[in-house]
Amino acid sequence: MIVILLGPPGVGKGTQRSMLEEEGPWRKVVTGDLLREAARAGSELGRKAKAYMDAGDLVPDDLIIDLVREKLEAMPDGADVVFDGFPRTEPQARALDALLEELGTAPDRVVLFTAPDDVLVKRVAGRRTCPECGAIYNVHFDPPGTGGICDECGAELFRREDDRPESVKRRLEVYREETEPVVEYYVRSDVPVSRIDADREPGEVQASLRREIGR
Ligand code: AP5
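Residues numbered from 1 in each chain as written. Predicted model: local features only at pLDDT ≥ 70, side-chain atom pairs only at ≥ 80, totals over all residues. Heavy atoms only, no water.

### Points about the overall build of the protein
Convention followed: Strands are runs of DSSP state E lasting at least 2 residues, helices are runs of H or I lasting at least 4, and numbering of each runs from the N terminus. We call two residues in contact whenever any of their non-hydrogen atoms come within 4.5 Å of each other. All accessible areas in this document rest on Shrake-Rupley with a 1.4 Å probe, and a residue is counted as covered only by the protein chains that are shown. Neither His nor the chain ends is counted toward charge; the positive residues are Lys and Arg and the negative residues Asp and Glu. For this purpose, a charge sits on NZ of Lys, CZ of Arg, CG of Asp or CD of Glu.
Counting secondary structure elements, the protein contains eight helices and seven strands. Principal-axis analysis of the C-alpha atoms places the extent of the protein at approximately 45 × 40 × 35 Å. Of the contacts formed within the protein by residues at least 6 apart in sequence, a portion of 71% connects residues at least 24 apart. Accessible surface for the protein amounts to roughly 10700 Å². Of this, 48% is attributable to carbon and sulfur atoms. Computed over 31 positive and 43 negative side-chain charges, the inter-centroid distance for the protein is 3 Å.

### Description of the side chain of Q92
Put simply, the test is: Summary of the burial criterion: residues with accessible area below 20% of their type's maximum are buried, those above 50% are exposed, and those between are partly exposed, where the area comes from a 1.4 Å probe applied to protein chains only.
By the element assignment, Q92 lies in helix α5 (residues 90-102). Since its relative accessible area comes to 2%, Q92 is described here as buried. In contact with Q92, other than residues within four places in its own chain, are D61, I64, I65, F86 and P87.

### Examining the packing of α5 against helix α7 (residues 165-188)
Counted only if it meets this: Each axis is a line fitted through C-alpha atoms, and for a helix only the stretch in contact is used; angles between axes span 0 to 180 degrees, taken between their N-to-C directions. Orientation categories follow fixed angle ranges, with anything under 35 degrees roughly parallel, anything over 145 roughly antiparallel, 65 to 115 roughly perpendicular, and all other angles oblique. Ten residue types, Ala, Val, Leu, Ile, Met, Phe, Trp, Tyr, Cys and Pro, are classed as nonpolar, four, Asp, Glu, Lys and Arg, as charged, and the remainder, Gly among them, as polar.
In the contact formed by α5 and α7, the axes pass within 8 Å of each other and the chain directions differ by 40°. Between α5 and α7, the angle is such that the two are oblique. Listed contacts from α7 to E90, A93, R94, L96 and D97 of α5 are E178, P181, V182, Y185, Y186 and R188. Each residue belonging to the contact of α5 with α7 can be placed in one class, and the counts come to six nonpolar, no polar and five charged.

### As for the site of the ligand
For clarity, the cut-off: By convention in this text, a residue qualifies as near a molecule or strand provided that one of its non-hydrogen atoms is within 4 Å of it. Identification of polar contacts relies on pairs of N or O atoms within 3.5 Å, with a donor-acceptor requirement for protein atoms, meaning one able to donate a hydrogen and the other able to accept it, and with residues adjacent in sequence counted only if both atoms are side-chain atoms.
In the neighbourhood of the ligand, 34 residues make up the surrounding shell, with T15, D57, R88, R127 and R171 lying closest. Contact between the ligand and G85: a nitrogen atom at 2.9 Å from a main-chain N or O atom of the residue. Its free accessible area being 1000 Å², the ligand has 95% of it covered by the protein chains. Listed by contribution, the elements that provide at least two residues to the shell around the ligand are α1 (13-21), α2 (31-41) and β6 (136-138). Of all the elements, α2 adds the most residues to the shell around the ligand, at four residues. Of the residues contributing to the shell around the ligand, the split by class is 14 nonpolar, nine polar and eleven charged.

Honestly, it's all geometry; don't read function into it.
In structure tokens, the structure reads:
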């Protein structure tokens with residue numbers, strides 16, 4: 001099964017994807033994490049991507065599409081795959097269709113998470129992330145047991161550079177301009193699109209997600 005999670009920054013795509021992964025052996029394509037890893041490793045891609053990310057802008061399509069192609073080609077045939085943070089532009093959505101077609105598959109469902117902007121801004125401002133295992137916390141809603149330390153692996157949590165208020169404002173604008181048309185792209189296609197109110201407890205949102213994808 002191929003599932004695409006869409007929604008604005010801070011809506012909970014990463015949180016819901018992690019909860020879904022507890023259900024079974026999902027493979028994941030998380031372009032934000034792949035880019036942050038590349039930036040930490042100091043690779044050429046990472047250096048190019050970092051300036052865009054810190055400003056809250058999208059990384060150019062060609063860089064992202066190559067990254068996703070590499071990731072998909074390394075997966076076993078027939079794997080259950082969840083996309084988080086990709087596609088984010090119409091050219092990316094078309095490229096994904098072509099890549100999946102080459103692999104003899106297609107998206108089964110698109111899930112759009114929604115929440116009001118003031119909720120998104122508060123969530124992003126409070127987010128803390130583990131650089132080692134990727135666990136996501138929130139100082140307001142889901143704090144770690146010991147301040148600043150990951151409950152799962154003991155690493156020191158960090159605040160993402162693009163979670164500063166000026167970047168968040170830009171990310172929301174970019175979402176409206178570039179990524180909302182992706183929702184329309186899928187609505188026009190044959191892929192079923194589910195809309196889920198993500199301004200609820202994470203467990204309730206997860207129950208809706210699993211209902212929509214039949215898991
Ligand atoms: P990316 O990392 O994909 O960021 P994003 O889409 O902006 O999404 P976020 O990670 O901010 O939020 P989320 O929806 O995953 O929320 P989370 O679960 O963490 O991309 C970053 C950048 O990389 C982009 O700006 C761009 O530059 C670049 N990039 C990435 N992909 C790209 C692409 N395809 N093309 C071009 N550029 C690309 O939750 C947020 C917080 O809220 C957490 O603290 C969490 O604990 C809390 N929370 C979650 N759910 C709930 C809930 N139900 N109730 C209360 N709190 C909650």
